[in-house]
Number of protein chains: 2
Amino acid sequence: MTKHPERDLSPYIERGIEDARRLCAQPTIAAQGLGIEETARLVEGLLVDMGFATQWLCPSAGSPVIYGELQGTGPFTLLLYNHYDVQPPEPLALWDSPPFEPTVRNGKLYARGISDDKGEIAARLAAVRALIAEYGTLPLTIKWILEGEEEVGSPNFGEIAERYGALFQADGCLWEGAGRSPSGRPELCLGVKGLLYVELHADLLAQDAHSGLAPILPSAAWRLVHALASLKDKGGSILIPGFGDDVRPPSLGQLAALEDEPDTSESLRDLYGIDAFVDGLSGVALRERAAFGPTCNIAGVWSGYTGEGVKTVLPAEASAKLDFRLVPDQRPARILELLRNHLDAGGFDDVSVTQLGAAGPVVTPLDAPFVQKVMAITEAHYGVRPSVRPLSGGSLPLLQALEEHTGVPGLFAPGHPGYWRSGAHAPNEHIRLDDFGDAVRFLSVLFADLGSSL
Amino acid sequence: MTKHPERDLSPYIERGIEDARRLCAQPTIAAQGLGIEETARLVEGLLVDMGFATQWLCPSAGSPVIYGELQGTGPFTLLLYNHYDVQPPEPLALWDSPPFEPTVRNGKLYARGISDDKGEIAARLAAVRALIAEYGTLPLTIKWILEGEEEVGSPNFGEIAERYGALFQADGCLWEGAGRSPSGRPELCLGVKGLLYVELHADLLAQDAHSGLAPILPSAAWRLVHALASLKDKGGSILIPGFGDDVRPPSLGQLAALEDEPDTSESLRDLYGIDAFVDGLSGVALRERAAFGPTCNIAGVWSGYTGEGVKTVLPAEASAKLDFRLVPDQRPARILELLRNHLDAGGFDDVSVTQLGAAGPVVTPLDAPFVQKVMAITEAHYGVRPSVRPLSGGSLPLLQALEEHTGVPGLFAPGHPGYWRSGAHAPNEHIRLDDFGDAVRFLSVLFADLGSSL
């Protein structure tokens, strides 16, 4: 492992922040098909400027994956994954500055997508730029996948991963990254939960009715409320029979890693303004639930009149969006089947279930050489042993396809500029500018040391 | 009772349809405070053109009541009630023509408010115009109240009724009107249900969260779903303890009136595209439930992401609008108290309840002289005994105030151009032009005969 002299990376960091602002000023809302091609061209332009050879990998339907490759001098090949799409910005009223006008306040940069995930694209670019400036060439080969449909569950990434599995071969993959805990300790994460995303819909009348007819007409809103209530009890237990049958309990090694993780519960409580977590959990039990607890979450529900004031209507239709986070060895197809069976058994055969996204969980073994290498580089750079989370609470549905078709071991390493406190998926998404600089400095070391490691 | 020669009212009917189109082309959405003053001026102009002396009766807050008075030759004084505001037009995508561009298709006139209640204002005006043209003067005195906040629960009408109770004195009141059954039989209705309209709200997080945190963060959406599910069981029974304690069973006379009512269930089933009513009800049992069944209706519910596609969010807030229709002798203040107690007892003290509207039920006795008079005139005009509904499924919160402060007996009589099949409160609201003509013809007879009746 190379000992790195103190270098002044500030010109590259500043340039990287400019790139991040340019990326975020361009809306890219995959859920609404907004700004996809414009952003893809913008991303490609940034890669080409750095000397990457680029390709548009286009699925038979859906948004292009931008692929860039830059040959380096060393034998190590590193695969990078990012996505250039973002979540919808709603509710707009809760933003303090417009979501697509990147704005700096108090050392923080606010914009939709700055944390998830455009800021990281810019940080990785900045590290590459710094290395090329220093060495004249890259010390490792970088293959870079930039997807445009991550926030809608990567419905077409499987096709791309299958078709280009050979092109994506590498010695290790940095997934969309992790960062540092509030205390500054670097963090690695080795897996993601699976996801089943469905829409429930009840449509009981040909048209909305005056609510004076409520004594005798069926109500889609009540029907949906009762169907939902049948899925989970007031205490939070999921009531779908068989839901937990395939859940594999965490191993002793995984539990030990959870023991070693920092306690971030206080900052989480502050961020969300809560006195306590569900079931009063704390410490290792809280982390175990966060990592290994499967969920049935209501991401959205709507029916009838949702505007200001009073409207006395009996709504014809009602809908809900549910996301189930799945842990090893739950499979989305099986959960979907159990959900449908449960609704039918409860008499809710008139409530339709439409799958909008699905992926299984993915976990990289702790003893994979790439994992051990990144851990060592991280510890050397920060002077502190990184914590290792065996399973993240989030999901990246593309990882299942990437793992299945390439076999490249992946992980979430430090180098993400906004992992904590960043309001991902929420109003006022932001990163701290200091975190961005820290990410660029670490990534330039990580790339250099991986380059000299084979 | 005068025997009326066949008169050609078609010029007055055509002019009335023009007035109806003018009124509907002007949006008047009380829930959004849209177009109130413009419509008030338009309504006043129509009254002044007919010779009415007008006043703006302004509550200390809220929209003006337009009051018009036209002295007639006969001793009878008739009070008319209408409202010039309309329901919001949403969902816009389901309208076949723009809601505020009145459009005729296949003998029907489509527009928001044409049935509820601007078309009736125009029909009453047309009847007054026809009588003045024929007799040179009105045979009775008309006092006309036109309110602008009916669709938001008439929050300020109580103040107006209290202040102007003496001005509103009359021998009888035609409330916003009724019409004829699908078979053509005229209908009277003698009362309305009470209404309690509330908004439930859960706000559990300082901001929306990534749904990866769902294992450990409380969910406002689930909280609201469980609070709602605790109010009513899957079979439709309301679970709030004490909710039904004050319900007075229908009297034998009321049940006899229900027996005599026409069976409109088939057209209702067609209109709403349903195979059966709740609990498989039919016949008198269906009519009894419709008239005397109190309700707990979900008028709207919303939380989280409600747009297209996928968003994996754990919503910070969730809301629902509920309307309770109350029967004699339920009182809204008591129901509100029972609702709050029930939520508290179920552990839902973190779900807030905000009252947005409230009024008690109102019923005029079947043997009131005004009721008997209108029944006789109706039977003479149509050649068929009218059906009499003792209690409507709908509510007019202002009626409680009107009754309390004036004591004038009121009813819903024929003369409304769009009572049936009209999509009130729903997309594609409309009236049949034939029904409009029928209403004008009947109203001109009703006004004339009431004028000669004292």
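Residues numbered from 1 in each chain as written. Chains lettered and ligands numbered in written order. Predicted model: local features only at pLDDT ≥ 70, side-chain atom pairs only at ≥ 80, totals over all residues.

(A) Looking closely at the nonpolar core. If you look at the biggest cluster of nonpolar residues, it comprises 290 residues, and the most contacted ones within it are Leu-224, Val-225 and Val-440 of chain A together with Leu-224, Val-225 and Val-440 of chain B. Each residue touching Val-225 of chain B, except ones within four places of it in the same chain, is listed here: Val-225, Leu-228, Ala-229 and Ile-298 of chain A. (Core = buried A, V, L, I, M, F, W, Y, C linked by C-beta atoms within 7 Å. Buried ≥ 20, exposed ≤ 12 C-beta atoms within 10 Å, placed from the backbone. Contact = placed C-beta atoms within 7 Å.)

(B) Local environment of the relation of the copies chain A and chain B. The two copies are related by a screw motion: chain A maps onto chain B through a turn of 180° and a shift of 0.0 Å along the axis, at an RMSD of 0.1 Å. When the rotation and shift are considered jointly, the pair of chain copies conforms to a two-fold rotation axis. The C-alpha atom lying nearest the rotation axis in chain A is that of Trp-302 of chain A; the distance is 2.1 Å. (Least-squares fit on C-alpha atoms with pLDDT ≥ 70 in both.)

(C) Up close: the environment of Glu-176 of chain A. All names here are of chain A. In this structure, Glu-176 sits in the loop between β7 (172–174) and β8 (187–189). Under the C-beta neighbour-count criterion, Glu-176 is labelled buried, with 23 such atoms within 10 Å. Residues Glu-176 and Asp-117, spaced 59 residues apart in sequence, show a C-alpha to C-alpha distance of 7.5 Å. Residues in contact with Glu-176, not counting those within four places in the same chain, are Tyr-81, Asn-82, His-83, Asp-117, Glu-120 and Leu-396. (Helix = DSSP H or I, 4+ residues; strand = E, 2+ residues; numbered from the N terminus.)

(D) Fine view of the interface of chain A and chain B. Contacts between the two partners involve 73 residues from chain A and, on the opposite side, 74 residues from chain B. Going through the elements one at a time, β11 (209–210), α5 (220–229), α8 (283–292), β12 (295–304), β13 (313–314), β14 (317–326) and β15 (351–359) of chain A are the ones with two or more residues in the side of chain A that touches chain B. Top element by residues in the side of chain A that touches chain B is β12 of chain A. It accounts for nine residues. Residues of the side of chain A that touches chain B, tallied by class, amount to 37 nonpolar, 26 polar and ten charged. With five bridges connecting them, β12 of chain A and strand β12 (residues 295–304) of chain B associate as antiparallel partners. The residue of β12 of chain B that forms the bridge with Gly-304 of chain A is Gly-300 of chain B. (Nonpolar A, V, L, I, M, F, W, Y, C, P; charged D, E, K, R; others polar. Pairing = 2+ DSSP bridges.)

(E) Expanded view of the sheet that holds strand β10 (residues 194–203) of chain A. Judged by pairing direction, the sheet is antiparallel, and its eight strands sit side by side in the order β15(A)-β10(A)-β14(A)-β12(A)-β12(B)-β14(B)-β10(B)-β15(B) without closing on themselves. On the outer flanks of this sheet lie β15 of chain A together with β15 (351–359) of chain B, each paired with one strand and no other. Looking at each pair of strands side by side, their axes are set apart by 20° on average, direction ignored. Two strands pair when backbone bridges link them, and β10 of chain A and β14 of chain A are joined in this way by ten bridges, in the antiparallel orientation. Bridged to Ala-202 of chain A within β14 of chain A is Ala-318 of chain A. Packed on one face of the sheet, α5 of chain A meets β10, β12, β14 and β15 of chain A together with β12 of chain B and runs near 20° to β14 of chain A. Of the strands in this sheet, β12 of chain A together with β10 (194–203), β12, β14 (317–326) and β15 of chain B touch helix α5 (residues 220–229) of chain B, which is tilted by about 20° from β14 of chain B. (Axes fitted to C-alpha atoms, helices over the stretch in contact; angles between N-to-C directions.)

(F) Molecular detail of the sheet that holds strand β6 (residues 141–147) of chain B. All names here are of chain B. In space, the six strands of this open sheet follow the order β1-β2-β6-β3-β7-β18, with mixed pairing throughout. A strand with exactly one partner marks an edge of an open sheet, and here the two such strands are β1 (53–57) and β18 (410–411). Bridge count for strand β7 (residues 172–174) against β18 is two bridges, and the pairing is parallel. Following the sheet pairing, Leu-174 is matched in β18 by Leu-411. Along the sheet, helix α2 (residues 36–49) contacts β1, β2 (65–70) and β6; its crossing angle with β2, the most-contacted strand, is approximately 0°.

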